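Take a look at the letters that make up each chain.
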Amino acid sequence: MTQTIELLPGIRFHCFPDHRFKQGAFSIQLVRPMCREEAAKNALLSAVLLRGCREYPDMRSVIRRLDDLYGASAGTMVRRVGDYQTTGFCCGFIDDRFALEGDRVTEPMLDFAAALLLDPVLEDGAFPADYVESEKKNLIATIEAELNDKRVYANSQMMRIMCREDSFGIPRLGEKEDVQAITAQSLYDHYRKILRESPMELFYVGAAQPRQVADRLKALIGSIERNYVNLPAQTSFRDAGGRKSRCTMDVSQAQLVMGFVTPITIRDEEFVAMQLLNVIFGSGMTSKLFMNIREKQSLCYSIGSGYHGSKGILTVSAGIDSDKDAVVRKAVLEQLEACRRGEISDGELRSAKEALCSSLRATHDSPGAIEGFYSTASLSGMNLTPETYMEAVGNTTKEQVVAAANTIKLHTVYFLRGEA
């Protein structure tokens, strides 16, 4: 169970005490409203900050410091949680109980993470230009790599179209042209602004005493000049009207993506029923979409669904032959209609519950998984722990799943086909 302490206005510390692991985890996230103007800068910022701080000014000295801390790790963290985007770090390190006698790792690791965030390397009042340009190339390469996975590309394009009036359509890493426009000075100015204004989420998983960690963090960040601005509340999907879109590209396998909407979000009581409906409908190899459309009818090479609970969006993506567009769309809608009619067997419901509970049990398998679940839940507005979540899954009835299915409506269709 997490403990939450407000260190300063807008700065929250979450602690999950756990003695099971030899390693601990610590994350720092600055939370921003997702918007086109900032997305690329936020995605780039954590990578530039990780290049070094004043005491450890380059990657070589950063790596040496991590080696000194028993081979600790520090990585960038850029998340999208509903209407929010986060930027920061996640660190992994050995617990003090397993260090040599007299050695401490937790506090030095907190000090190091704080130095990376608060005391960056500067050059003429800005970030070093070579650091910024190098990380811009890396980020652009990551964005461009999306084109190599046509399933990911098609899903991204569908979301852009469907959410053209909603921040959820903005790519998590921003747009390539926005990355190219960033300069060392503009990124540093943005850094100063968001450090001053943004909510900050700190999360620790490990065996150290929560108050001890909280006091150390408060001492490290207490000198930050702050003018904290409250985040707007998470919102449901902003509907700009559905549409159908077709695109031609040099692909060997066409991609069909269908976007559905539901009023049920992660903040609603019906959320668990919708999660179960997603598993029964299309998530996994025992789902209706996979068993019927792929296995029985052989209409696609791959097919599956995903539910974005923060927004109330359900997507279905399928790899198909270019001439199977209409027939696969019809088959998907037929399987959804079967769920609406209540054609869900006891075995399907039981398998869905087992699959969902299995994934929830895995959230306690590592410090990183614990941090990921609770940090995301806190920002998205979900009040369930893995334990209460599994209890709700067990108590959900077929009738509740059917009711969830009847809230789903087709909104947008995107079809990426091969060149003739």
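Here is a short report on the structure shown in this document. The residue numbering used here restarts from 1 in each chain and proceeds along that chain's sequence as written. Reporting in this predicted model follows two pLDDT cut-offs: at least 70 for local features of residues, and 80 or more for side-chain atom pairs to be given and counted; totals over whole chains, interfaces and linings ignore these cut-offs and use all residues. Neither water nor hydrogens contribute to the side-chain values; these are computed over all heavy atoms in the structure.

## A word on the overall build of the protein chain
Condition: Helix and strand assignments come from DSSP, with helices taken as H or I runs of at least 4 residues and strands as E runs of at least 2, each series counted from the N terminus. Relative accessibility under 20% of the residue-type maximum defines a buried residue, over 50% an exposed one, and the middle range a partly exposed one, all with a 1.4 Å probe and only protein chains included. By the convention used here, residues are in contact when the closest approach between their heavy atoms is within 4.5 Å. For accessible areas, the Shrake-Rupley method is used with a probe of radius 1.4 Å. Any residue's cover is judged against the shown protein chains and nothing else. Only four residue types enter the charge count: Lys and Arg as positive, Asp and Glu as negative, with His and the chain ends excluded. For the purpose of locating charges, the reference atoms are NZ of Lys, CZ of Arg, CG of Asp and CD of Glu.
From N to C terminus, the protein chain includes 15 helices and 11 strands. Considering the protein chain as a whole, with its 420 residues, one finds that 55% of them fall into the buried category. Residue pairs in contact within the protein chain that sit at least 24 positions apart in sequence constitute 81% of those at least 6 positions apart. Per element, the accessible surface of the protein chain, about 18700 Å² overall, is 48% carbon and sulfur. For the protein chain, the distance from the average position of its 50 positive side-chain charges to the average position of its 55 negative side-chain charges is 4 Å.

## Points about helix 9 (residues 271-281)
The element helix 9 is extensively covered by neighbouring structure, given that 11 of its 11 residues are classed as buried. The set of residues buried in helix 9 consists of Phe271, Val272, Ala273, Met274, Gln275, Leu276, Leu277, Asn278, Val279, Ile280 and Phe281.

## Here we look at the sheet that holds strand 11 (residues 409-418)
Our working definition: Whether two strands pair comes down to DSSP finding at least two bridges between them. Only the contacting stretch of a helix is used when fitting its axis, a line to C-alpha atoms as for every element, and angles between N-to-C directions run 0 to 180 degrees.
On the basis of which strands lie adjacent, the open sheet formed by five strands has the order 7-11-8-10-9 and mixed pairing. The open sheet terminates on both sides in strands that have one partner only, identified here as strand 7 (244-249) and strand 9 (302-308). Averaged over all neighbouring strand pairs, the angle between strand axes comes to 15 degrees, with direction disregarded. Bridge count between strand 7 and strand 11: six bridges; the pairing is parallel. When the sheet's bridge partners are listed, serine 245 is paired in strand 11 with tyrosine 414. Sheet strands in contact with helix 5 (residues 150-162) are strand 7, strand 8 (254-261), strand 9, strand 10 (313-320) and strand 11, and its direction is about 135 degrees off that of strand 11.

## Brief notes about the nonpolar core
If you look at soluble globular proteins, the nonpolar side chains tend to sit buried side by side. Where we set the bar: In these notes, a set of buried Ala, Val, Leu, Ile, Met, Phe, Trp, Tyr and Cys residues joined through side-chain atoms within 4.5 Å is what counts as a nonpolar core.
Counting 60 residues, the largest nonpolar core has Leu7, Phe13, Phe26, Phe127, Met200 and Leu202 as the members making the most contacts within it. Looking at which element gives the most residues to this core, the answer is helix 3 (residues 106-118), with seven residues. Dropping the residues within four chain positions of it, phenylalanine 26 is found in contact with Phe89, Cys90, Cys91, Phe93, Leu110, Ala113, Leu202, Phe203, Tyr204 and Leu217.

## Digging into the packing of aromatic side chains
Heads up, the condition is: Aromatic pairs are defined between Phe, Tyr and Trp rings, using the six-membered ring for Trp, whenever the two ring centres lie within 6.5 Å; interplanar angles under 30 degrees are classed as stacked, those over 60 as edge-to-face, and all others as tilted. In our convention, an over-ring charge means Lys NZ or Arg CZ found within 6 Å of a ring centre and within 35 degrees of that ring's normal.
This structure, assessed with the given rule, holds eight aromatic pairs. On the numbers, 5.3 Å between centres and 40 degrees between planes, the contact of phenylalanine 16 with tyrosine 374 is tilted. Of this pair, phenylalanine 16 sits in strand 2 (residues 11-17) while tyrosine 374 sits in helix 13 (residues 367-380), and the two are 358 residues apart along the sequence. On the accessibility criterion, tyrosine 374 (9% relative accessible area) is buried. Three or more aromatic residues joined by ring pairs form one cluster here, namely Phe16, Phe373 and Tyr374. Between arginine 51 and the ring centre of tyrosine 131, over which it is positioned, the NZ or CZ distance is 4.4 Å. For the cation-ring pair, arginine 80 lies above phenylalanine 168, with the distance from its terminal atom to the ring centre recorded as 4.6 Å.

## Structural notes on the side chain of serine 305
Operational definition: Any pair of nitrogen or oxygen atoms within 3.5 Å is treated as a polar contact; in protein, a donor-acceptor pairing is required on top of that, and neighbouring residues in sequence qualify only through side-chain atoms on both sides.
Its place among the elements puts serine 305 in strand 9. A polar contact is formed between the side chain of serine 305 and the side chain of asparagine 278, at a distance of 2.6 Å. A distance of 3.4 Å separates a polar side-chain atom of serine 305 from the backbone nitrogen of serine 283. The contacts of serine 305, once residues within four sequence positions are left out, are Asn278, Phe281, Gly282, Ser283, Leu289, Leu314, Thr315 and Val316.

## Considering the pattern of salt bridges
Selection criterion: Put simply, a salt bridge is a Lys or Arg side-chain nitrogen that is within 4 Å of an Asp or Glu carboxyl oxygen.
Within this structure, the stated rule accounts for 27 salt bridges. When the shortest N-O distance is used, the salt bridge between glutamate 371 and arginine 79 registers 2.7 Å. Taken as a pair, glutamate 371 in helix 13 and arginine 79 in strand 4 (residues 73-81) lie far apart in primary sequence, 292 residues in all. Since its relative accessible area comes to 1%, glutamate 371 is described here as buried. Classification of arginine 79 by relative accessible area gives buried; the value is 18%. Across the salt bridge formed by arginine 216 and aspartate 111, the nearest N and O atoms sit 2.6 Å from each other. Of this pair, arginine 216 sits in helix 8 (residues 210-221) while aspartate 111 sits in helix 3; the two residues are 105 residues apart in sequence, bridging distant segments of the chain. Among the residues examined, arginine 216 registers a relative accessible area of 30% and is labelled partly exposed. Looking at aspartate 111, the relative accessible area reads 26%, which means it is partly exposed.

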